[in-house]
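Working through the structure, step by step
One-letter residues, chain by chain:
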Amino acid sequence: MTSLSPAARGRLADLIAGPVFTPGDDAYAVETAGFNLTLPHRPSLVVGATGPADVQHAVRFAADHDLAVAVHTTGHGAVVSADGSLMITTRRMSGVTVDAPGRSARVQGGVRWDQVIPAAAVHGLAGISGSSPQVGTVGFTLGGGLSPVFGRTRGFGADHVRAFDIVTADGQLRHVTADREPDLFWAARGGKGNFGVVTALEFGLFPISRLYGGGLFFTEAQAPAVLDVWRQWAPTVPENLSTSFCLLRLPGDPLILHVRIAFLGSTEEGAALIAPLRAAAPAFQDTVAEMPYTATATIHNDPTEPGAGIDRSALLRDLPRQALDTLLSAPEDDLMMTEIRLLGGALQRPPAVPAAVGNRQDAAYCLFTASIPAPVPGDAERIREAQRRLLERMAPWSTGGAYANFQSTEDTGPAAVRAAFAPDSWDRLLDIKKYFDPANLFRINHNIRR
Ligand SMILES: Cc1cc2nc3c(=O)[nH]c(=O)nc-3n(C[C@H](O)[C@H](O)[C@H](O)COP(=O)(O)OP(=O)(O)OC[C@H]3O[C@@H](n4cnc5c(N)ncnc54)[C@H](O)[C@@H]3O)c2cc1C
């Protein structure tokens, strides 16, 4: 770990309006805590930024002292150890402003979706957020931003960014739009935290206050028949219906199939559309009903407490019967949750303003698998091996590409990072990275490098 003299830390602390922590400080552990506990962080220095000026001082200090910069908002997407780095925590930058007539929001760099959703809902509006509202708005959007409600009708969150303010490696605060900084505007919308620290983000909102959504839960015995219906039915549904399923295998319990629905239309039309699923088998729990947009987190019911987790993902072009049999026959207990989201619609079309988000056209489904390792020697390796085998067995239907936001601690090598982008995008990303961050200060991430 790089050791910094107390004098150097003192000089930085004098410049920063927010708190500065070093290992040994009482609040250090809380400030650096992540969501995925398999990856604890031990940065040399932590800056609790309160605004762009703090970020600028911190970035300049890191450059002068040859420290990598880690950006930490909620810790939901931390994939590389931040040990020895200068970590900038953004949660104190928490302002949200909604422009209802302009159907847009401007959020500061540390805002979570659960801070945006209620503020926009007051105006009958919502942004493109993911399955967990605890996730950070900036991290989610820069990594693409796949919504289980809006994705198929509106595309990725990155497609609806109007502007952002970013502190680049030279310490400059830049206001970036499609016209002012077209390269940076393109690259950061998909290239994630590689280009600097975003201190504010402006993005479009859409009118919505209710939807027809929820989950259908089936037993292990029912799962093959229901999934066979789902696989034939899902490609036929209109774009305003989003759906996914999750196979839950909790140790010692029988498998549960959770089918998720979000329909942006009337209750009657929604009920008619999902009738084939309800007819496939009697669900032991059926929560699909009219719901306010603010309740959409209940559709996936993602975990809300930090824990250890190991995950992998893949994009699939097709989901024939054989692929479902492969998922269903995976060894029990090794794969605790395996999810397939239907993509398609606007997610497969080019956006109005090009963005670096890759692999749109040929990906029809997204596969994600996660497990919690037991705290016993060898368990994490057992899970990694099971996940590796699953991806290998699903390879016949895989596009070979990846979705950046679902890449994990297991996908940080250069080839894995590159797989999230189109080949011609990759060369352009490398050029833009070299121009804005020649020393690769921002490398505590899925790092864009040769
Ligand atoms: C339970 C769960 C559910 C999820 N659901 C979805 C989903 O439905 N759709 C989807 O697309 N993704 C989803 N994700 C993935 C999530 O969008 C990414 O992991 C995202 O990067 C998390 O951002 P964060 O700020 O919350 O996390 P952090 O760990 O704090 O940040 C992750 C990375 O984002 C970058 N970053 C964060 N803030 C800034 C900033 N202000 N400036 C510059 N870079 C920044 C940095 O590179 C940082 O390392 C989910 C993740 C989890 C754990």
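Just above sits the structure.
Predicted model only: the values in this text are computed from it and were never measured.

**A few points about the packing of helix α7 (residues 182-191) against helix α15 (residues 423-436)**
- Interaxial distance between α7 and α15 falls to 10 Å at its minimum, and their mutual angle equals 115°. Where α7 crosses over α15, the two elements pack in a sense that is left-handed. Facing Pro182, Asp183, Leu184, Trp186 and Ala187 of α7, the residues of α15 in contact are Ser425, Arg428, Leu429, Ile432 and Phe436.
- Among the residues forming the contact of α7 with α15, the class breakdown is 7 nonpolar, 1 polar and 2 charged.

**Comments concerning helix α3 (residues 52-64)**
- The end-to-end C-alpha distance of α3 is 18 Å, a good match for the 18 Å that 13 residues give at a rise of 1.5 Å each.
- Of all the residues in α3, the buried ones are Asp54, Val55, Gln56, Ala58, Val59, Phe61 and Ala62.
- Just downstream of α3, Asp66 is the residue with a positive phi angle, here 55°.

**Re the state of the cysteines**
- Per the counting criterion, the structure on display carries 0 disulfides.
- Note on Cys246: no disulfide assigned, nearest cysteine sulfur contributed by Cys366 at a separation of 13 Å.

**Some details on the sheet that holds strand β4 (residues 86-89)**
- Strand order in the open sheet formed by 4 strands is β1-β2-β4-β3, with mixed pairing between adjacent strands. A strand with exactly one partner marks an edge of an open sheet, and here the two such strands are β1 (20-21) and β3 (69-72).
- Pairing of strand β2 (residues 45-48) with β4, which is carried by 4 bridges, proceeds in the parallel orientation. Paired with Val47 across the bridge in β4 is Ile88.
- Against the sheet, α3 makes contact with β2, β3 and β4, and its axis sits at roughly 170° relative to β4, the strand it touches most.

**With respect to the sheet that holds strand β9 (residues 173-176)**
- Spatially, 5 strands are ordered β5-β6-β10-β8-β9 in an open sheet, and the strand pairing comes out antiparallel. Strands with a single pairing partner mark the edges of an open sheet, and in this sheet they are β5 (96-99) and β9. Pairwise comparison of adjacent strand axes, ignoring direction, gives a mean angle of 10° for this sheet.
- Alignment of β5 against strand β6 (residues 104-108), held across 4 bridges, turns out to be antiparallel. Looking across to β6, one finds that Val98 is bridged to Ala105.

Rules behind the numbers
Along each chain, the written sequence defines residue order, and numbers are assigned to residues from 1. Local features in this predicted model are restricted to residues of pLDDT 70 or higher, and side-chain atom pairs are both shown and tallied only at a pLDDT of 80 or more, whereas totals for entire chains, interfaces and linings draw on every residue. Only hydrogens and water are set aside when side-chain values are computed; all heavy atoms of the structure are taken into account. Structural elements are reduced to axes, namely lines fitted to C-alpha atoms, with helices fitted over the stretch in contact, and the angle between N-to-C directions of any two is expressed from 0 to 180 degrees. We count a stretch as a helix when DSSP gives it H or I for four or more residues in a row; a strand needs E for two or more, and each element gets its number in order from the N terminus. Crossings are classed by handedness, with left-handed meaning an anticlockwise turn of the near helix from the far one by less than a right angle and right-handed meaning a clockwise turn. A contact between two residues is defined here by any heavy atoms of the two lying within 4.5 Å. Three classes are used, and their members are as follows: Ala, Val, Leu, Ile, Met, Phe, Trp, Tyr, Cys and Pro are nonpolar, Asp, Glu, Lys and Arg are charged, and the others, Gly among them, are polar. Helices are assigned an expected span. That span is 1.5 Å times one less than the residue count. Accessible area is worked out with a 1.4 Å probe on protein chains only. A residue is then buried under 20% of its type maximum, exposed over 50%, and partly exposed in between. Working definition: a disulfide is two cysteine sulfur atoms within 2.5 Å of each other. At least two bridges found by DSSP between two strands are what make those strands a pair.

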